[in-house]
Amino acid sequence: MAMRSEEEIKTAYAQINSLYKDAVNGDEKAVQALHQTLEQVRSNHANIPLLNAYHGSIMILIARDKTNPLEKLRWSKAGLKLLDDAVIFSPQNFMIRLLRGKAAHKLPEKHFNRGHTAIDDYTFLIKSHERGKGFLNSKAYWQLIYELGEVYYRMGRNQDAGICWRKLKNETQDPAFQRLLLSKLKLVEGKPAVETRTEPEGPFASLLRRIVNEAQNQIPDNSQ
């Protein structure tokens, strides 16, 4: 039985390694294949934080591909719960923190208020890399700093966003990246260190927000 369990887990990780990048890049078949695999393996091994985190990440991708707003909310809520629980059980696991941070970075701040989660996970990963720990290569390290700046900017933390983007500007020699960073720095130039940043909301969006808010507490937990 133990050997069979080990093989099942090994097979799940092999499929994750094979399909996860395609899933992130928009391949819905890869998303569904990984969802089915992880649903099956987690039914027998519910206590493995990394597998739970991968499944949570896949649920966020399922939400991405849904057109119904309530379905998007339901899958996102379930995925975030799995990711949060995985971090609670294994807070020093670099991959778990990366999976949750990336998911939080992609979610609309207006509806999910997960910028603080992305900041927490990205800061943990960046500081670990700078101390010579973790598993990031230089490109992934720079990408996290860039995305951290984006999160700060969306939250109105202009000074912190500028610090991230200036750090990158001083470290990279890539001309295209330099131009991108200059355009980002112009967004915060002359702005207050912190400001309230709101997006205009039309009548339909306002109605949708009220419907989603009213329905949120009625959505069953789909994380088990």
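Structure shown above.
Here the structure is a predicted model, which means the values were calculated and not measured.

### Some words on the overall build of the chain
Reasoning step 1: Of the regular secondary structure elements, the chain holds 11 helices and 0 strands.
Reasoning step 2: For the chain, the N- to C-terminal ordering of α and β elements is α-α-α-α-α-α-α-α-α-α-α.
Reasoning step 3: Every one of the 224 residues in the chain was classed for burial, and the buried ones make up 42%.
Reasoning step 4: A sequence separation of at least 24 residues applies to 59% of the contacts in the chain between residues at least 6 apart.
Reasoning step 5: Total accessible area on the chain is roughly 12900 Å²; 53% of this is exposed by carbon and sulfur atoms.

### Remarks on the nonpolar core
Reasoning step 1: Counting 33 residues, the largest nonpolar core has Leu51 and Ile58 as the members making the most contacts within it.
Reasoning step 2: Counting residues per element, the ones that place at least two in this core are α1 (2-24), α2 (28-44), α3 (49-65), α4 (69-89) and α5 (94-106).
Reasoning step 3: It is α3 that provides the largest number of residues to this core, a total of 10 residues.
Reasoning step 4: Counting 25 residues, the second-largest nonpolar core is a separate cluster that includes Ala118, Ile126, Leu148 and Val151.

### Thoughts on the side chain of Asp121
Reasoning step 1: On the secondary structure map, Asp121 appears in helix α7 (residues 115-130).
Reasoning step 2: Apart from the residues within four sequence positions on either side, Asp121 is in contact with Arg97, Arg100 and Gly101.

### Notes on helix α10 (residues 175-188)
Reasoning step 1: Compared with an ideal rise of 1.5 Å per residue, which puts 14 residues at 20 Å, α10 spans 21 Å between its outermost C-alpha atoms and is within 8% of the ideal.
Reasoning step 2: Among the residues of α10, Phe177, Gln178, Leu181, Lys184, Leu185 and Val188 are the ones counted as buried. Buried residues of α10, seen end-on, are gathered within an arc of 125° and therefore sit on one face of the element. Among the exposed residues of α10, those oriented more than 90 degrees off its buried face are Pro175, Arg179 and Lys186.
Reasoning step 3: Against α8 (138-154) and α9 (158-171) lie the buried residues of α10.

### Structural notes on the pattern of salt bridges
Reasoning step 1: Scanning all chains against the criterion turns up 14 salt bridges.
Reasoning step 2: A salt bridge links Lys102 to Glu147, with the nearest nitrogen and oxygen atoms 3.1 Å apart. Linking Lys102 in helix α5 with Glu147 in helix α8, this pair joins segments that are 45 residues apart in sequence.
Reasoning step 3: Classification of Lys102 as partly exposed rests on a relative accessible area of 26%.
Reasoning step 4: For Glu147, a relative accessible area of 7% gives the class buried.

### With respect to unusual backbone geometry
Reasoning step 1: In this structure, Asn113 takes a positive phi of about 50° despite not being glycine.
Reasoning step 2: Relative to the helices and strands, Asn113 is located in the loop between α6 (109-112) and α7.

### Thoughts on the packing of aromatic side chains
Reasoning step 1: What the rule picks out here adds up to 6 aromatic pairs.
Reasoning step 2: Through successive ring pairs, a cluster of aromatic residues spans Phe94, Phe124 and Phe135.
Reasoning step 3: The ring of Phe124 carries the charged tip of Arg97 above its face, separated from the ring centre by 4.3 Å.

### Description of the environment of Ser128
Reasoning step 1: Examined against the element boundaries, Ser128 turns out to sit in helix α7.
Reasoning step 2: Taking C-alpha positions, Ser128 is 8.9 Å from Phe94, a pair spaced 34 residues apart along the chain.
Reasoning step 3: Filtering out sequence-adjacent residues up to four positions away, Ser128 remains in contact with Phe94 and Lys133.

### As for the packing of α5 against α7
Reasoning step 1: Two numbers describe how α5 lies on α7: the axes approach to 8 Å, and their chain directions differ by 140°. Between α5 and α7, the angle is such that the two are oblique. With respect to the hand of their crossing, α5 and α7 are arranged in left-handed fashion. Residue-level inspection shows Phe94, Arg97, Leu98, Arg100, Gly101, Lys102, Ala104 and His105 of α5 in contact with α7, the latter providing Thr117, Ala118, Asp120, Asp121, Tyr122, Phe124, Leu125 and Ser128.
Reasoning step 2: A class-by-class count of the residues in the contact of α5 with α7 yields 7 nonpolar, 4 polar and 5 charged.

### Some thoughts on the environment of Leu51
Reasoning step 1: Tracing the chain through its elements places Leu51 in helix α3.
Reasoning step 2: Judged by its relative accessible area of 0%, Leu51 falls in the buried class.
Reasoning step 3: The sequence separation of Leu51 and Val41 amounts to 10 residues, and the corresponding C-alpha distance is 8.5 Å.
Reasoning step 4: Here Leu51 is in contact with Ile9, Ala12, Tyr13, Ile16, Leu38, Val41 and Arg42, once residues within four sequence places are set aside.

Criteria and cut-off values
Residue positions are counted from 1 within each chain, in the order its sequence is given. pLDDT decides what is reported in this predicted model: residues at 70 or higher carry local features, side-chain atom pairs at 80 or more are listed and counted, and totals for whole chains, interfaces and linings draw on all residues regardless. Each side-chain value is derived from all of the structure's non-hydrogen atoms; neither hydrogens nor water enter the calculation. Helix and strand definitions here come from DSSP, where helices need a minimum of 4 consecutive H or I residues and strands a minimum of 2 consecutive E residues; each element is numbered from the N-terminal end. For each residue, the accessible area found with a 1.4 Å probe, counting protein chains only, is set against the maximum for its type, and the residue is called buried under 20%, exposed over 50%, and partly exposed in between. The contact rule is simple, with two residues in contact once any of their heavy atoms fall within 4.5 Å. Only the protein chains shown count as cover for residues, and all accessible areas are computed by the Shrake-Rupley method using a 1.4 Å probe. In this description, a nonpolar core means a group of buried Ala, Val, Leu, Ile, Met, Phe, Trp, Tyr and Cys residues linked to one another through side-chain atoms lying within 4.5 Å. For a helix, the expected span equals 1.5 Å multiplied by the residue count minus one. Regarding the arc, it is the one traced by the directions from the helix axis to the C-beta atoms. The working definition used for a salt bridge is a side-chain nitrogen of Lys or Arg within 4 Å of a carboxyl oxygen of Asp or Glu. Only Phe, Tyr and Trp rings take part, Trp by its six-membered ring, and two of them pair if their centres are within 6.5 Å. Stacked means planes under 30 degrees apart, edge-to-face means over 60, and tilted covers everything else. Only when the NZ of Lys or the CZ of Arg is both within 6 Å of the ring centre and within 35 degrees of the ring normal is a charge said to sit over the ring. Axes here mean lines fitted to C-alpha atoms, for a helix over just the part in contact, with angles spanning 0 to 180 degrees between N-to-C directions. Here roughly perpendicular refers to angles of 65 to 115 degrees, roughly parallel to angles under 35, roughly antiparallel to angles over 145, and oblique to all remaining angles. By definition, any crossing whose near helix is turned counterclockwise from its far helix by less than a right angle is left-handed, and any crossing with a clockwise turn is right-handed. Charged means Asp, Glu, Lys or Arg here, nonpolar means Ala, Val, Leu, Ile, Met, Phe, Trp, Tyr, Cys or Pro, and polar covers whatever is left, Gly included.

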